[in-house]
Amino acid sequence: MGKLDAAPAAMATVANGPEDGPTLDWHSIDWAREEQNVRRLRQRIFKASQEGDLAKVRNLQKLMLRSRSNTLVSVRRVTQRSSGRKTAGIDGKVVLTPKGRAALVQEIQEKPDRRPVPVKRVYIPKSNGKQRPLGIPVIRDRVNQARVKNALEPEWEARFEPRSYGFRPGRSCHDAVESIFSVVGQKTGVRTWVLDADLSAAFDRIHHGRLTQSVGLFPARDAIRGWLKAGVMEKGRWAPTEEGTPQGGVISPLLLNIALHGMEQAAGAGWLRSGAAKPGTPVLIRYADDFVVLTYSEEEAEEVRRKLAGWLEPRGLRFNADKTRIVHLDEGFDFLGFNVRKMKRKTIITPSKEAERRIRERLRNEMKALQGANAAAVRRKLAPIVRGWATYYRGAVSSKTFKTLDNYVWKLTYKWATRRHPNKPKNWVIAQYYGTFNKSRADRWVFGDPVTGAHLYKFAWTPIVRHVKVKGGASTDDPSLTEYWTDRRRKKAPPVMDKTSLYLAFRQQGLCPLCGGALITGAEYEPDNPREWIEWFEAVAKRLHRHHFAYRRDGGGDDRNNLRLVHADCHRQHHEADDKRTGRKTRRPQGSA
């Protein structure tokens, strides 16, 4: 959905900067302070926009664009924290060393207005078998887009409509699904008809003129126009870009949200001061380019579709006829991998049949690829798939689906075991690979190792946790809601990790003690589909480390009181800085969540 993090890695040249190196010492940077500087400036822009003081907004945005803290944070995000950091643009360069990052900061601070270069066209597979085109900017343009985004986003966060959830800080697909539940779950005045809509290639068709008109007199509007018009390189040939914003650009999701701003009003949605939907009006709930409109009648849904078709046309957008339909709640509809249906006056939200089909196919294909591998490799490969998928669906009515999938995994692992030992009897295979390895569960059919006790996590072990929807138009940039967001982060159920990591995350209130930032990072936004949750769990060992408060070389142990859960890059930087300070070289830190 327009995120660089989904891009595949490519052959790249590592850029290390000038031979003598810049004066900036990457390891000495106080990241908590730099992040706080950017956060405060974002809050000031938000407040000025909220108050309608456009002159102040523009002055603060200029300050953000000049800010060294903004450049530092942006370079760190693109070259160190993004999972797309190893993906190069058309120049073939990536920046993966502290020296290279420091040089890039210095270069951008000195010459921030260099002309954008074309994006590189790559393709990633879609769930329907087709391919999604991405446009990958060079590293320098990605950093500049991150800088510009920090100046532009808080202005629009103060203006965006309350039921817009996609690609916005602090908001997720689960908020969108819970918003649907809160509307259709009402007992009186129920909106029982649904316009289940999808836009056709929204990122690729945004009208440049309308978009730049919406951006207005934003100080970096010329840079945005340059990125939109930079063109694309595919197989050595350049092609102009007359419409659309490239999926893969850091700023593209924000530009899509700006282009679609006003859709709720165009559909006729109305809201009371309390934030509740105004009786008698339709409700539009949008996640990026996927949205639903809940109405009282089929005729009203048809009317909303006509209104929105006319509203979308001058913006270069249109409905995907194959995926847009009007249905009754009794029939149900799929949204973001969930199925929403009204059954006997009760709203039921479950994993969709298509989502279940895809996870079965994924598990089956992985097990085929693991023929010949040992049991440890099977556990390592399946664990993040199970945990990631279960985490995504733990807020729905998923218990039955989880049990069904556990039975399917058992069949796959048993088939793998019998093929691995074709001459062994059934009882031997069962004793070798299954047992009651989880002492808190009375389940003897757990795939694991009788010697070490290591075992595969089950879908059904994931508790069903009702997601608490973000309130109204709340934004992380609103300085008056700092306590709300702190409390929300503290109470939010963490991803399904092992017990020690869960304990550490809870004790630390979801924060990294080395930088003060949220532990769940790596993607700028919370993953928005099961596939991305699985990718997050597959990379969790690389993104989160266990840091020993008292070093093991100094006698520190592995007990919980001596452990801290930290970002992997913070962990590496901490040890590298310590090595530099003490002159002692330590083993590169390892550890996972």
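Residues numbered from 1 in each chain as written. Predicted model: local features only at pLDDT ≥ 70, side-chain atom pairs only at ≥ 80, totals over all residues. Heavy atoms only, no water.

- If you check an unreviewed UniProt entry, the protein appears there as Group II intron reverse transcriptase/maturase from Streptomyces bluensis.

Side note on the overall build of the protein
Logical step 1: A tally of regular secondary structure across the protein gives 21 helices and 17 strands.
Logical step 2: Considering only residue pairs separated by 6 or more positions, the protein has 70% of its internal contacts joining residues 24 or more positions apart.
Logical step 3: Surface summary for the protein: the accessible area is close to 27,800 Å², and the carbon and sulfur share equals 50%. (Helix = DSSP H or I, 4+ residues; strand = E, 2+ residues; numbered from the N terminus. Contact = heavy atoms within 4.5 Å. Areas by Shrake-Rupley, 256 points an atom, 1.4 Å probe, with all protein chains shown as cover.)

Quick notes on the nonpolar core
Logical step 1: Membership of the largest hydrophobic core comes to 114 residues, with the highest contact counts inside it found for Ile224 and Leu308.
Logical step 2: If you tally residues by element for this core, the top one is helix H14 (residues 375–393), at eleven residues.
Logical step 3: Those residues in contact with Ile224 that sit more than four places away from it in its chain are Val148, Leu152, Val215, Phe218, Ile251 and Leu255.
Logical step 4: Residues Val78, Ala102, Ala146 and Ala505 belong to the second largest nonpolar core, which totals 26 residues. (Core = buried A, V, L, I, M, F, W, Y, C linked by side-chain atoms within 4.5 Å. Buried < 20%, exposed > 50% of the residue type's maximum accessible area, 1.4 Å probe, protein only.)

What about the sheet that holds strand E9 (residues 290–295)?
Logical step 1: Sheet architecture is open: four strands sit in the order E8-E9-E5-E10, paired in antiparallel fashion. Strands at the two margins of the open sheet, each flanked by one partner only, are strand E8 (283–287) and strand E10 (325–328). Neighbour-to-neighbour, the strand axes of this sheet turn through a mean angle of 20°, independent of strand direction.
Logical step 2: The pairing of E8 with E9 spans five bridges and is antiparallel. Residue pairing in the sheet places Ile285 in a bridge with Val292 of E9.
Logical step 3: In this fold helix H6 (residues 173–184) packs onto E8 and E9, with an angle of close to 165° to the strand it touches most, E8.
Logical step 4: Its contacts with the sheet place helix H12 (residues 298–312) against strand E5 (193–198), E8, E9 and E10, and it is angled at close to 140° to E9. (Pairing = 2+ DSSP bridges. Axes fitted to C-alpha atoms, helices over the stretch in contact; angles between N-to-C directions.)

Thoughts on unusual backbone geometry
Logical step 1: One non-glycine residue, Phe167, adopts positive backbone phi at about 55°.
Logical step 2: Among the secondary structure elements, Phe167 is positioned in the loop between helix H5 (139–157) and H6.
Logical step 3: We classify Phe167 as buried; its relative accessible area is 1%.
Logical step 4: Unlike most non-glycine residues, Ala288 shows phi in positive territory, near 60°.
Logical step 5: Note that Ala288 resides in the loop between E8 and E9.

Considerations on the environment of Ser214
Logical step 1: In this structure, Ser214 sits in helix H8 (residues 208–215).
Logical step 2: For the pair Ser214 and His261, spaced 47 residues apart in sequence, the C-alpha separation works out to 9.3 Å.

Notes on a positive patch on the surface
Logical step 1: On the surface, a cluster of positive charge is contributed by Arg364, Lys368, Lys415 and Arg419.
Logical step 2: Mapped onto the positive patch, the elements with two or more residues apiece are helix H13 (353–369) and helix H15 (399–420).
Logical step 3: Look at Lys415 and you get partly exposed, because its relative accessible area is 47%. (Patch = residues over 30% accessible without salt bridge, like charges linked within 9 Å, V, L, I, M, F, W, Y side chains within 5 Å. Salt bridge = Lys/Arg side-chain N within 4 Å of Asp/Glu carboxyl O. Lys, Arg positive; Asp, Glu negative; His and termini not counted. Charge placed at Lys NZ, Arg CZ, Asp CG, Glu CD.)

Let's talk about the packing of aromatic side chains
Logical step 1: Scanning the model with the defined rule gives 21 aromatic pairs in all.
Logical step 2: Judged by centre distance (6.4 Å) and plane angle (65°), the rings of Trp389 and Phe402 are edge-to-face. Here the residue Trp389 occupies a position in helix H14, and Phe402 occupies one in helix H15, the gap between them amounting to 13 residues. No difference in accessibility class separates Trp389 from Phe402, as the two residues are buried.
Logical step 3: Members of the aromatic cluster, joined through ring pairs, are Trp410, Tyr414, Trp416, Tyr433, Tyr434, Trp445 and Phe447.
Logical step 4: Its guanidinium or amino end placed over the ring of Trp445, Arg444 lies 4.5 Å from that ring's centre, counting from NZ or CZ. (Phe/Tyr/Trp six-rings, centres within 6.5 Å; stacked < 30°, edge-to-face > 60°. Lys NZ or Arg CZ within 6 Å of the ring centre and 35° of its normal.)

Re the side chain of Thr401
Logical step 1: Along the polypeptide, Thr401 turns up in helix H15.
Logical step 2: If we ignore the near neighbours within four places in the chain, the residues touching Thr401 are Pro351, Glu356 and Trp389.

Focus: the sheet that holds strand E11 (residues 333–335)
Logical step 1: Taking strand neighbours across the sheet as the criterion, the three strands line up as E11-E12-E13 in an open arrangement whose pairing is antiparallel. Strands with a single pairing partner mark the edges of an open sheet, and in this sheet they are E11 and strand E13 (346–351). Mean inter-strand twist for the sheet, computed between neighbouring axes without regard to direction, equals 30°.
Logical step 2: Relative to E13, strand E12 (residues 338–343) runs antiparallel, the two sharing six bridges.

Some details on the packing of H5 against helix H10 (residues 252–259)
Logical step 1: Taken N-terminus to C-terminus, the directions of H5 and H10 make an angle of 30°; their axes are 11 Å apart at the nearest point. When the interaxial angle is binned, H5 and H10 end up roughly parallel. Crossing handedness for the pair H5 and H10: left-handed. Of H10, the residues touching H5 (which contributes Lys149, Leu152, Glu153 and Trp156) are Leu254, Leu255 and Ile258.
Logical step 2: Looking at the contact of H5 with H10, its residues break down into five nonpolar, no polar and two charged. (Parallel < 35°, antiparallel > 145°, perpendicular 65-115°, else oblique. Left-handed = near helix turned anticlockwise from the far one by under 90°. Nonpolar A, V, L, I, M, F, W, Y, C, P; charged D, E, K, R; others polar.)

With respect to the pairing of strand E17 (residues 563–567)
For a regular strand, side-chain orientation follows a simple rule: the groups alternate between the two sheet faces.
Logical step 1: Most of E17 sits inside the fold, with four of its five residues counted as buried.
Logical step 2: Where strand E16 (residues 544–548) and E17 come together, five bridges link them in antiparallel fashion. In the sheet register, Leu544 faces E17, and the bridge partner there is His567.

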